[in-house]
Amino acid sequence: LLQLPLPRQHRTMAATHALILFVAGASAAKLAPPNPLLRAASTVVTPLLTPLMKIEAPLQAAVTGIAGAPTAEEVQAEIAATLRNPCVVYTYTFSPFCTEAKGLLEKTGAKVTTVELGAEWFLLGAKGSAIRAKLGEMTGQTSFPHVFIGGEHVGGLCSSPNGDGGLNGLIERDELITKLKKARAL
């Protein structure tokens with residue numbers, strides 16, 4: 001790789017920019033929004049699947065719970081304990097939406113607690129199904145990931161029950177870094 005020396009003024013500007021980024025941390029760097037294909041897919045898939053998943057998630061939890069699931073109180077206690085962490089993401093291993101959300105949060109340098117419920121929504125065991133159903137009941141969101149910052153549910157990658165757009169909305173409004181700092185995740 002051929003590297004040409006920069007003129008003195010450009011070296012000074014580059015050094016100053018690097019120092020600003022170092023001192024200010026991730027807040028000085030503009031986060032890129034999620035993959036545009038995932039954002040587009042979210043606008044189509046989420047409204048179509050939400051009614052189905054609101055019925056399916058509790059049904060799945062009931063069916064898989066026959067083989068021995070934690071009680072509702074145990075699930076609630078586990079979620080409450082997990083949400084004491086500054087930033088929590090409930091995910092499925094093979095979900096591109098979950099992978100993208102985790103990647104965006106990793107780029108900020110935040111301390112993120114990731115809870116993998118299973119490979120995919122239809123491959124969850126009794127405990128994962130019970131947690132999934134409880135998260136849907138608590139938040140009104142049936143899609144994944146579920147992202148919590150400072151104990152507050154902010155939605156998923158591009159959607160949220162309150163219409164704020166999840167992580168994508170926080171990035172577009174330049175609020176993600178501030179929210180992570182306030183929660184002491186950064």
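Up top is the structure these notes are about.
Because the structure is a prediction, the values reported are computed rather than measured. (Residues numbered from 1 in each chain as written. Predicted model: local features only at pLDDT ≥ 70, side-chain atom pairs only at ≥ 80, totals over all residues. Heavy atoms only, no water.)

Trainee: Help me understand the pattern of salt bridges in this model?
Mentor: Any two side chains of opposite charge can pair, on the condition that their charged atoms come close. The full count for this structure, using the stated rule, is 5 salt bridges. One salt bridge connects K134 with E137, and the closest N-O pair in it is separated by 2.9 Å. In this pair, K134 and E137 both sit in helix α5 (residues 126–139), 3 residues apart, roughly one turn of the helix. For E137, a relative accessible area of 60% gives the class exposed. Ionic pairing is found between E152 and K179, a salt bridge with its closest N-O pair at 2.9 Å. Here E152 is found in strand β4 (residues 152–155), whereas its partner K179 is found in helix α7 (residues 176–182), with 27 residues between them in sequence. Owing to a relative accessible area of 41%, E152 belongs among the partly exposed residues under this scheme. (Salt bridge = Lys/Arg side-chain N within 4 Å of Asp/Glu carboxyl O. Helix = DSSP H or I, 4+ residues; strand = E, 2+ residues; numbered from the N terminus. Buried < 20%, exposed > 50% of the residue type's maximum accessible area, 1.4 Å probe, protein only.)

Trainee: It is not clear to me how the side chain of S95 should be interpreted in this structure. Could you clarify?
Mentor: You can see S95 is positioned in the loop between β1 (87–92) and α4 (96–108). Look at S95 and you get buried, because its relative accessible area is 4%.

Trainee: Can you walk me through the packing of helix α2 (residues 36–65) against α5 in this structure?
Mentor: Packed helix pairs are characterised by how far apart their axes lie and by the angle those axes make with each other. At a minimum axis separation of 8 Å, α2 and α5 run at an interaxial angle of 145°. Considering how the two elements wind past one another, α2 and α5 form a crossing that is left-handed. Residues M53, E56, A57, P58, Q60, A61, T64 and G65 of α2 form the contact with α5, whose participating residues are A126, S129, A130, R132 and A133. Taken together, the residues of the contact of α2 with α5 break down into 7 nonpolar, 4 polar and 2 charged. (Axes fitted to C-alpha atoms, helices over the stretch in contact; angles between N-to-C directions. Left-handed = near helix turned anticlockwise from the far one by under 90°. Contact = heavy atoms within 4.5 Å. Nonpolar A, V, L, I, M, F, W, Y, C, P; charged D, E, K, R; others polar.)

Trainee: Even after reading the chapter, I still don't get the sheet that holds strand β2 (residues 113–118), so can you show me in this structure?
Mentor: Across a sheet, paired strands are connected by hydrogen bonds in the backbone, their directions being either parallel or antiparallel. Spatially, β2-β1-β3-β4 is the arrangement adopted by the 4 strands of the open sheet, whose pairing is mixed. The open sheet terminates on both sides in strands that have one partner only, identified here as β2 and β4. The mean inter-strand angle of the sheet, taken between neighbouring strand axes irrespective of direction, is 25°. Looking at chain direction, β1 and strand β3 (residues 146–149) are connected through 4 bridges and run antiparallel. Bridging from a neighbouring strand, C87 pairs with I149 of β3. With respect to the sheet, α5 is in contact with β1, β2, β3 and β4, its orientation differing from that of β3 by roughly 65°. (Pairing = 2+ DSSP bridges.)

Trainee: Sorry if this is basic, but what is going on with the nonpolar core here?
Mentor: In a soluble, globular protein the nonpolar side chains are often hidden away together inside. Ranked by internal contacts, the top residues of the largest apolar core, which has 22 residues, are L105, V147, I149, L157, L167, L176 and L180. Every element with two or more residues in this core is listed here: β1, α4, β3, α6 (166–172) and α7. If one sorts the elements of this core by residue count, α4 sits on top with 4 residues. For V147, the residues in contact, after removing those within four places along its chain, are V88, V89, L105, E152, H153, V154, G155 and L167. Formed by 15 residues, the second largest nonpolar core is a distinct cluster that contains V75, C98, L117 and F144. (Core = buried A, V, L, I, M, F, W, Y, C linked by side-chain atoms within 4.5 Å.)

Trainee: Sorry if this is basic, but what is going on with the pairing of β3 here?
Mentor: Burial of β3 is two-sided: the residues H146 and F148 facing one way and the residues V147 and I149 facing the other way are all buried. Of the pairings in the sheet, the one linking β3 to β4 comprises 3 bridges and is antiparallel in character. Bridge pairing in β4 links I149 to E152. Connecting β3 to the next strand, β4, in antiparallel fashion are 2 residues, including G150 with a positive phi near 60°.

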